[in-house]
Amino acid sequence: MAPIDHSAANAWVVQHVLALVEIWTLVAQHSGFVGAWRLTAVCRTARAGVKEWLGTLPGWVVTGGFNLSNQSPGAVSEVWRLNLATLQWGPMPALVTARYGHACCTVRGALVVLGGLIGGVDDEEYRKTSSVEILLGGVGDGVFTSLPPLSCGSTDGAVAIAVEESTS
């Protein structure tokens, strides 16, 4: 008896299984962030599709802040990013100047940090700053570099909003 060639049937199965992941990716995209995470409990294929879509999102970034611990209280220069596909925090390059109460936004794919309060317990006095820093490149690449200071002077407690250039 001649062997049976199953390659066409195997190709059909592989093609349709991969299509299921693509379908779940589309469902996750239209479900929003919370809805997508709820879909991970449906089945393995749904989980794979959701993770694929979540991996395309830019993530959440936390910059600077204020450390209240007794060991080293004061402004912080750390930067952390939350990977939305894994819900794991990862370090990014540190700020040039430790600060808190600052504004932060993205402009053309670069992370920009503006103003805030600097100084600390050693200085015994916190002061407003007009300094600006930028992180160019992809996630985790490069270093923050200083830009010219804000022309409006020192600021803290500000909010920065990125505006889509094509609609402004």
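One can find the structure itself at the top, above this paragraph.
What this report covers is the structure whose coordinates are included nearby. (Residues numbered from 1 in each chain as written. Predicted model: local features only at pLDDT ≥ 70, side-chain atom pairs only at ≥ 80, totals over all residues. Heavy atoms only, no water.)

### Describing the packing of aromatic side chains
Cut-off, in case you're wondering: Stacked, edge-to-face and tilted are the three classes for Phe, Tyr and Trp ring pairs, Trp counted by its six-membered ring, which pair at centre distances within 6.5 Å; planes under 30 degrees apart are stacked, over 60 edge-to-face, the rest tilted. A run of H or I in DSSP becomes a helix once it reaches four residues, and a run of E becomes a strand once it reaches two; helices and strands are each numbered from the N terminus. For every residue, the accessible area (1.4 Å probe, protein chains only) is compared with the maximum for its type, and the residue is labelled buried under 20%, exposed over 50%, or partly exposed between those bounds.
By the definition in use, this model includes three aromatic pairs. Relative to Tyr126, the ring of Phe66 lies with its centre 5.7 Å away and its plane at 65°, an arrangement referred to as edge-to-face. Of this pair, Phe66 sits in strand E2 (residues 66-67) while Tyr126 sits in strand E9 (residues 125-128), and the two are 60 residues apart along the sequence. What makes Phe66 partly exposed here is its relative accessible area of 34%.

### A closer look at the environment of Thr25
The criterion, for reference: Only heavy atoms matter for contacts: two residues are in contact if any of them lie within 4.5 Å across the pair.
Residue position: Thr25 is located in helix H1 (residues 7-39). Judged by its relative accessible area of 12%, Thr25 is buried. Separated by 26 residues in sequence, Thr25 and Lys51 place their C-alpha atoms 8.0 Å apart. In contact with Thr25, other than residues within four places in its own chain, are Gly49, Glu52 and Trp53.

### A short note on the environment of Glu133
Here is the rule we go by: What qualifies as a polar contact is a pair of N or O atoms within 3.5 Å, subject to a donor-acceptor requirement within protein and to the restriction that residues adjacent in sequence count only when both atoms come from side chains.
Looking at where Glu133 falls in the secondary structure, it is placed in strand E10 (residues 132-135). Distance in space between the C-alpha atoms of Glu133 and Leu95 is 7.5 Å, their sequence separation being 38 residues. Apart from residues no more than four positions distant in its own chain, Glu133 is found in contact with Leu95, Val96, Thr97, Arg99, Leu111, Val112, Val113, Phe144, Thr145 and Ser146. Of the polar contacts made by the side chain of Glu133, one reaches the backbone nitrogen of Thr97; its length is 2.9 Å.

### Observations regarding the sheet that holds E10
Note the threshold: Two strands qualify as a pair provided DSSP detects at least 2 bridges between them. For helices, the fitted axis covers only the stretch in contact; all axes are lines through C-alpha atoms, and the angles between them, taken along N-to-C directions, range from 0 to 180 degrees.
The strand order E6-E7-E10-E11 describes an open sheet built from four strands, whose pairing is antiparallel. Each edge of the open sheet is held by one strand with a lone partner, namely strand E6 (103-107) and strand E11 (144-147). Averaged over all neighbouring strand pairs, the angle between strand axes comes to 25°, with direction disregarded. Examined bridge by bridge, E10 and E11 share four bridges and lie antiparallel to one another. Residue Glu133 lies in a different strand from E11, and its bridge partner there is Ser146.

So yeah, pure geometry; function would need other evidence.
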